[in-house]
Amino acid sequence: MKSKIDLDHICALANLKLTEEDKKLLEPQIIRIVKWINKLEELKIDVKKGELYSFFSFTLPFRKDKIKRSLPAEEALANSPEKSKGFIKAPKVIEEK
Amino acid sequence: MSLTSLSATELSTLIKKKEIKAEEIILAYLERIQEREKEISAFITVLEERALFSAKKIDKKKKKGKLAGIPVAIKDNILTKGIRTTCASKILDNYIPPYSATVVKKLEKEDAVIIGKTNLDEFAMGSSTENSAFFPTRNPWDLRRVPGGSSGGSAAAVAAGETAASLGSDTGGSIRQPGAFCGVVGLKPTYGHVSRYGLVAFASSLDQIGPLTRTVEDNALLTQIIAGPDPQDSTISSQPVPDYQKELGKRLASVKAAYLKEKSLEGIDNEVKDSYYQTLRALEETGAELWEMDFPSWEYALACYYIIAPSEASSNLARYDGIRYRFRHPRYSNLKEMYLNTRSEGFGQEVKRRILLGTFALSSGYYDAYYMKAAQARKLICQEFEKAFAKVNFILTPTTPEPAFLIGEKEDPIAMYLSDIFTVTASLAGIPALTLPIGLSKGNLPIGIQIMTNFFQESRIFKLAFLLEKKVKFDNNKLNLHKKEE
């Protein structure tokens, strides 16, 4: 298995910013953990791709597609740090040049 | 007799006979919390007023539920409407859920009293409760030691007599390992037996809610109430739930149990090994057939788990972005910076470690080598269980490789991960597993045995655990844990 880790790239994907101190601690730890999980490489497995996710021991249930009352907007928005006129307010997604 | 040393079943009988009021029970437990909490720190929130109000309301009811007046503590990653639910994380510090988890609704429907919200490793990631963003919880048996984790607060609160029962959540051992460390009974039910609606998601294909109690009978009683179909969880079985408590009294037909070869217990603490084999001998005396078995795939279970669980976590925790859940970093100049600052400040180190690990395993170029390989290993573990259950109906292992370790002892994350060596396999396969206290080490630390069985056979687990409980006579009142201190 490849185990070269570009921590800056992974952080960017995960929306995390590490301080230099964090990085010093976490980087060698993550490299060690990845080396440790590379143990799986030894395992010779012959499982078809289609069978991989069928580990449920029962049939998943369906329910009727009925419209039910949902949370009132006010309650659903209550935890948002910023809201305005019944909407969640977030910083601009597209910025002006 | 102190009320806080009685089991939930005993308290429930007293309530039914009208020999005691719910209010008296709750007052006794609140007093106990006040006495012990300074040392143990099992709770993030104690719901004193709310619990007393509920108890008084229950006392006035003519027709009372099955758990009338029984105090139950809830792990703080299970939503409680209008009550702060933090996941022991800074990022959810002030989060007040607008709805309750199905399990909480089910408990309250049976008149249980929610006494408080318990401490955990942040987002249930950890094996010691040291990863809580607020404070560590201490093991009531030895305050220098951890209670295990991630449901450490739930286990410690039951062990110390601060509640009659509690709910925890288990992703790779988070009910069973703290259960063993604190000398209480803990069940991880079959995946899909208990609704996950309102459980803050960590690894959705592994997470299950289950009870921690002082006795097997209490555990059966609580499981019976929280399990069963829920239209709000699409990964739940529609199977009806048996009356587990009633089933306990019935005979357990033909016990065929697999146990581990001494060779596979290399590196395991000697006292744990001794208690394990002693319990096996006691079981054999009851006429059970014991089979020595080998599970070669288990060697890979932890590596498999530490790819699957962080991968799912990295996806599940993407929602904490500073937009919906209270905490937003005050300094940012644009959206991206707000995400980065909020998440970097809001998450603790273990959570960051797992998000990064999961993001790596799922990233382009690595997905096949890691995530796919782990999914294959998981399938292999499932197949091995399937093969074993064709021959036997139980598999018995120690719950943990050692009794409770010291606070601060395991700084190396891999050493900490090894705590779950016996528990992750049942999580990966989705089968039920229970920890039962079977003895004390020379240092007076509890030791647990893990009983695993096939899907939806909780009834059989309870019956076997009930039988063993009588044989081993573990005294969880030892060290006067529940008695009022003079």
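Rules behind the numbers
Residues numbered from 1 in each chain as written. Chains lettered and ligands numbered in written order. Predicted model: local features only at pLDDT ≥ 70, side-chain atom pairs only at ≥ 80, totals over all residues. Helix = DSSP H or I, 4+ residues; strand = E, 2+ residues; numbered from the N terminus. Rg over C-alpha atoms; globule rule 2.2 N^0.38 Å. Contact = placed C-beta atoms within 7 Å. Buried ≥ 20, exposed ≤ 12 C-beta atoms within 10 Å, placed from the backbone. Core = buried A, V, L, I, M, F, W, Y, C linked by C-beta atoms within 7 Å. Axes fitted to C-alpha atoms, helices over the stretch in contact; angles between N-to-C directions. Parallel < 35°, antiparallel > 145°, perpendicular 65-115°, else oblique. Nonpolar A, V, L, I, M, F, W, Y, C, P; charged D, E, K, R; others polar. Pairing = 2+ DSSP bridges. Right-handed = clockwise from strand over helix to strand, strands pointing away. Expected span 1.5 Å × (residues − 1). Arc of directions from axis to C-beta. pLDDT = per-residue confidence, 0-100.

1. A short note on the overall build of chain B
Next up, step 1: Of the regular secondary structure elements, chain B holds 16 helices and eleven strands.
Next up, step 2: Against the compact-globule benchmark of 23 Å for 486 residues, chain B has a radius of gyration of 21 Å, which places it among compact chains.
Next up, step 3: Within chain B, residue pairs in contact and separated by at least 24 positions form 76% of the contacts whose partners lie at least 6 positions apart.

2. A short note on the overall build of chain A
Next up, step 1: Along its length, chain A carries three helices and two strands.
Next up, step 2: If you list the helices and strands of chain A from N to C, you get α-α-α-β-β.
Next up, step 3: Going through the 97 residues of chain A one by one, you find that 11% of them count as buried.

3. Let's talk about the nonpolar core
Residue and element names in this part refer to chain B.
Next up, step 1: With 160 residues, the main nonpolar core has Ile70, Val72, Val113, Cys304, Leu356, Ile451 and Ala465 as its most contacted residues.
Next up, step 2: It is helix α10 (residues 301–316) that provides the largest number of residues to this core, a total of ten residues.
Next up, step 3: Apart from the residues within four sequence positions on either side, Ile451 is in contact with Phe394, Leu396, Ala433, Leu434, Leu436, Ile461, Leu464 and Ala465.

4. What to know about the packing of helix α2 (residues 20–37) of chain A against α10 of chain B
Next up, step 1: Between α2 of chain A and α10 of chain B, the shortest axis-to-axis distance is 9 Å and the interhelical angle comes to 125°. When the axes of α2 of chain A and α10 of chain B are compared, the pair comes out oblique. In this structure, α2 of chain A contributes Ile33, Trp36 and Ile37 of chain A to the contact, and α10 of chain B contributes Ala303, Tyr306 and Ile307 of chain B.
Next up, step 2: Class assignment for the residues of the contact of α2 of chain A with α10 of chain B results in six nonpolar, no polar and no charged.

5. Comments concerning the sheet that holds strand β6 (residues 208–213) of chain B
All names here are of chain B.
Next up, step 1: Pairing in this open sheet of eleven strands is mixed, and the strands run β1-β3-β2-β4-β6-β5-β10-β11-β9-β7-β8 from one edge to the other. Both outer strands of the open sheet, β1 (43–46) and β8 (289–293), are each paired with one neighbouring strand and no more. Between one strand axis and the next, the sheet turns by 30° as a mean value, whatever way the strands run.
Next up, step 2: Here strand β2 (residues 71–75) runs beside strand β3 (residues 113–118); their pairing, made up of five bridges, is parallel. The partner of Lys75 across the bridge, within β3, is Thr118.
Next up, step 3: Along the sheet, helix α7 (residues 216–226) makes contact with β4 (165–170), β5 (185–188), β6 and β10 (433–440), crossing β6 at roughly 150°.
Next up, step 4: Helix α16 (residues 458–472) rests against β5, β9 (394–398), β10 and β11 (446–452) of the sheet, and its axis sits at about 5° to β10.

6. Topic: unusual backbone geometry
Across residues other than glycine, the phi torsion is negative in most instances, and most of the peptide bonds are trans.
Next up, step 1: Ser150 of chain B follows Gly149 of chain B through a cis peptide bond whose omega is 10°.
Next up, step 2: Mapped onto the secondary structure, Ser150 of chain B falls in the loop between β3 and α5 (152–159).
Next up, step 3: In this structure, Lys85 of chain A is a non-glycine residue whose phi angle is positive, near 50°.
Next up, step 4: Looking at the element boundaries, Lys85 of chain A is found in the loop between β1 (83–84) and β2 (87–88).
Next up, step 5: Taking the C-beta count within 10 Å as the criterion, Lys85 of chain A has 5 such neighbours and is therefore assigned exposed.

7. A short note on the interface of chain B and chain A
Next up, step 1: Contact with chain B, which involves 57 residues of that partner, is made by 45 residues of chain A.
Next up, step 2: Of all the elements in the fold, those that place two or more residues in the side of chain B that touches chain A are α10, α11 (335–346), α12 (349–362), α13 (368–391) and α14 (413–417) of chain B.
Next up, step 3: Of all the elements, α13 of chain B adds the most residues to the side of chain B that touches chain A, at ten residues.
Next up, step 4: When the residues that make up the side of chain B that touches chain A are grouped by side-chain class, the tally is 33 nonpolar, 15 polar and nine charged.

8. Some thoughts on the packing of α10 of chain B against α12 of chain B
Residues and elements named next belong to chain B.
Next up, step 1: Where α10 contacts α12, the two axes come as close as 7 Å, and the packing angle between them is 100°. With respect to their mutual orientation, α10 and α12 come out roughly perpendicular. Packed against α10, whose contacting residues are Ile307, Pro310, Ser311, Ala313 and Ser314, the element α12 presents Arg354, Ile355, Leu357, Gly358, Thr359, Ala361 and Leu362 at the interface.
Next up, step 2: By residue class, the composition of the contact of α10 with α12 is seven nonpolar, four polar and one charged.

9. Points about the pairing of strand β7 (residues 256–260) of chain B
Residue and element names in this part refer to chain B.
Next up, step 1: Extensive coverage of β7 is indicated by the burial of four of its five residues.
Next up, step 2: What joins β7 to β8 is helix α9 (residues 270–285), and the crossover it makes is right-handed.
Next up, step 3: As paired elements, β7 and β9 share three bridges and run parallel to each other. Bridge pairing in β9 links Tyr259 to Leu396.

10. Focus on α2 of chain A
Next up, step 1: Compared with an ideal rise of 1.5 Å per residue, which puts 18 residues at 26 Å, α2 of chain A spans 25 Å between its outermost C-alpha atoms and is within 8% of the ideal.
Next up, step 2: All buried positions along α2 of chain A are accounted for by Leu26, Ile30, Ile33, Val34 and Ile37 of chain A.

11. A few points about helix α1 (residues 8–16) of chain B
Residues and elements named next belong to chain B.
Next up, step 1: Every buried residue belonging to α1 is among Ala8, Leu11, Ser12 and Ile15, and all of these are buried. All buried residues of α1 fall inside an arc of 100° around its axis, so they share one side.
Next up, step 2: Those residues of α1 hidden inside the fold are in contact with α2 (22–40), β4, β6 and α7.
Next up, step 3: Once α1 finishes, Lys18 follows within two positions and takes phi at roughly 60°, a positive value.

12. Remarks on the environment of Lys109 of chain B
Next up, step 1: Along the polypeptide, Lys109 of chain B turns up in helix α4 (residues 102–109).
Next up, step 2: With 43 residues separating them in the primary sequence, Lys109 of chain B and Lys66 of chain B have C-alpha atoms 9.0 Å apart.

13. Structural notes on the confidence of the model for chain B
Next up, step 1: Summary statistics for chain B give a mean pLDDT of 95 and a share of 98% for residues scoring 70 or more.
Next up, step 2: Reported for the predicted complex are a pTM of 0.96 and an ipTM of 0.93.

14. Some points on the pairing of β10 of chain B
Residue and element names in this part refer to chain B.
Next up, step 1: Across the eight residues of β10, seven count as buried, placing the element largely inside the fold.
Next up, step 2: Bridging between β5 and β10 involves three bridges; their strand directions are antiparallel. When the bridges of β10 are listed, Leu187 appears paired with Leu434.
Next up, step 3: Where β10 folds back on β11, the antiparallel hairpin that results is connected by five residues, among which Asn444 adopts a positive phi of roughly 65°.

15. Some thoughts on the environment of Ser254 of chain B
Residues and elements named next belong to chain B.
Next up, step 1: Structurally, Ser254 is set in the loop between α8 (244–247) and β7.
Next up, step 2: Accessibility expressed as a C-beta count within 10 Å gives 8 for Ser254, which makes it exposed.
Next up, step 3: Separated by 35 residues in sequence, Ser254 and Glu289 have C-alpha atoms that sit 7.9 Å apart.

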